[in-house]
Amino acid sequence: MNQLPENDLPPGRHRLLKEHLMTEIRREDEAPARTGGKWLRPAIAAAAVAVVAATAIVALPGGESSPATSKEAVALLENVALAAEHEKVPDDIRDDEFVYIQSKVSYMTYEEGKAPTSAPVHKREIWLSVDGTLPGLLEEDRDHDSHLVLEPSKPGIPSNTNYRNLQTLPTDPDKMLDWLHKQSDGGKSEDQNTFVLVGDLSYESLLPPDVGAALYRAAAEIPGVTVVQDAVDADGRHGIAVAREDDGIRQELIFDPKTYEFLGERQVAVQDTYGLKKGQVVGVSAILDRTVVDKAGQRP
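Overview of the structure. Only a predicted model underlies this, so the values are computations on that prediction, with no experimental measurement involved. (Residues numbered from 1 in each chain as written. Predicted model: local features only at pLDDT ≥ 70, side-chain atom pairs only at ≥ 80, totals over all residues. Heavy atoms only, no water.)

Re the overall build of the protein chain
So, point 1. On a plain count of helices and strands, the protein chain comes out with 7 helices and 13 strands.
So, point 2. Expressed as a percentage of its 300 residues, the buried residues of the protein chain come to 54%.
So, point 3. When contacts within the protein chain are restricted to residue pairs at least 6 apart in sequence, long-range pairs at least 24 apart make up 65% of them.
So, point 4. A total of about 13,200 Å² of accessible surface is found on the protein chain, and carbon and sulfur atoms cover 50% of it. (Helix = DSSP H or I, 4+ residues; strand = E, 2+ residues; numbered from the N terminus. Buried < 20%, exposed > 50% of the residue type's maximum accessible area, 1.4 Å probe, protein only. Contact = heavy atoms within 4.5 Å. Areas by Shrake-Rupley, 256 points an atom, 1.4 Å probe, with all protein chains shown as cover.)

Here it is as structure tokens:
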């Protein structure tokens, strides 16, 4: 059973889905390399997603800027932030415990010479060390006994998303936005990377309430964010989403329309691009459970 670093999801986790056509493979003989001290999240390797042909994101031409975030998106993200502020998180979480997250996922797969196809929706479970010092665990497609041990986080890396490190993140929205820009690939010129990172933090981590509130208020300051009134997650739940388009793909962060709880993510082609057809779903996920347990492998 291989071990992969538990330095958590990179801001490009979903950007990978839209840079070019993707292929889903089992990475059981290869651990990903760290680049420049940026995010190294086990979901990339553990979800076994690799880029067929990677290209850098093209920056907008000089002087061109993204449209302003819509008033509807600002209002929605404020409601999401208020809900995050009141999220119930145990105040007695121990360092030796684990954050458990169960989800459903499906991402586009691609084989050279063939049209891209959607992989079946399947269950995914991950256990992440609260303080990052203990090995975590990922199980995906349990019928085939696919599981990976996640190595402890390397200490001192600002982008670690173990719960203890998340507790140290800014609770002021402007400072949070600065932090997001610093951690996302490409810096402040890459608004899409920063928006994707908001989704990464919402997905497989446990956010302290004040940090979560700051995260979503910071997201409201990212240019080009809009609202999708009806978005469906991998579990078939209908929600309302904040979204941002880039390079022919719309990234959606889906929330419950009544409670504003984060439901999951969806990526949709908004034009014919990279062999995809307009309206085709590139990837989709759904969070089913998020809690704290005593040990890796334990289910609530």
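Here the narrative resumes.
A closer look at the packing of aromatic side chains
So, point 1. Applying the stated criterion to the full structure yields 3 aromatic pairs.
So, point 2. Centroid distance Tyr216 to Phe255: 5.7 Å. Interplanar angle 90 degrees. Geometry classified as edge-to-face. Here Tyr216, found in helix α7 (residues 209-219), pairs with Phe255, found in strand β11 (residues 249-255); they are 39 residues apart in sequence, far enough to count as distant.
So, point 3. The class for Tyr216 is buried, based on a relative accessible area of 5%.
So, point 4. Note on Phe255 and Phe262: the rings are 5.7 Å apart at their centroids and 70 degrees apart in plane angle, and the pair reads as edge-to-face. Each member of the pair, Phe255 as well as Phe262, carries the same accessibility label: buried.
So, point 5. Grouping aromatic residues by their ring pairs yields a cluster made of Tyr216, Phe255 and Phe262. (Phe/Tyr/Trp six-rings, centres within 6.5 Å; stacked < 30°, edge-to-face > 60°.)

A closer look at helix α3 (residues 71-85)
So, point 1. The terminal C-alpha atoms of α3, which comprises 15 residues, lie 21 Å apart, in line with the 21 Å expected from a rise of 1.5 Å per residue.
So, point 2. For α3, the complete set of buried residues consists of Ala73, Leu76, Leu77, Val80, Ala81 and Ala84. Take α3 and look down its axis: the buried residues cluster within an arc of 145 degrees, on one side only. Projecting away from the buried face of α3 at angles above 90 degrees are the exposed residues Lys71 and Glu72.
So, point 3. Here the buried face of α3 lies against α7, β9 (226-232), β10 (238-246) and β11. (Expected span 1.5 Å × (residues − 1). Arc of directions from axis to C-beta.)

Quick notes on the pairing of strand β12 (residues 262-269)
So, point 1. Burial of β12 is extensive: 8 of the 8 residues sit out of reach of the surface.
So, point 2. Where β11 folds back on β12, the antiparallel hairpin that results is connected by 6 residues, among which Tyr260 adopts a positive phi of roughly 65 degrees.
So, point 3. As paired elements, β12 and strand β13 (residues 281-293) share 3 bridges and run antiparallel to each other. Directly across from Gln267, in β13, lies its bridge partner Gly283. (Pairing = 2+ DSSP bridges.)

A word on the packing of helix α5 (residues 173-183) against helix α6 (residues 191-203)
So, point 1. At a minimum axis distance of 9 Å, the contact between α5 and α6 shows a crossing angle of 105 degrees. Overall, the two elements α5 and α6 adopt an arrangement that is roughly perpendicular. The residues of α6 that touch α5, namely those facing Leu177, Trp179, Leu180, His181 and Gln183, are Asp191, Thr194, Leu197, Val198 and Leu201.
So, point 2. For the contact of α5 with α6, the residue count by class is 6 nonpolar, 3 polar and 1 charged. (Axes fitted to C-alpha atoms, helices over the stretch in contact; angles between N-to-C directions. Parallel < 35°, antiparallel > 145°, perpendicular 65-115°, else oblique. Nonpolar A, V, L, I, M, F, W, Y, C, P; charged D, E, K, R; others polar.)

Here's the deal with the environment of Gln229
So, point 1. Relative to the helices and strands, Gln229 is located in strand β9.
So, point 2. Judged by its relative accessible area of 59%, Gln229 falls in the exposed class.
So, point 3. Remark: the alpha-carbon pair of Gln229 and Val242, spanning 13 residues in sequence, is separated by 8.7 Å.
So, point 4. Contacts of Gln229, omitting those with residues within four sequence positions, involve Gly239 and Ile240.

Quick word on α6
One full turn of an α-helix is made of 3.6 residues, so residues set three or four places apart face in the same direction.
So, point 1. Taking 1.5 Å of rise per residue, 13 residues should cover 18 Å, and α6 covers 19 Å from first to last C-alpha, within 8% of that figure.
So, point 2. Counting buried positions over the 13 residues of α6 gives 13, a clear majority of the element.

As far as function goes, none of this settles anything; it's purely spatial.
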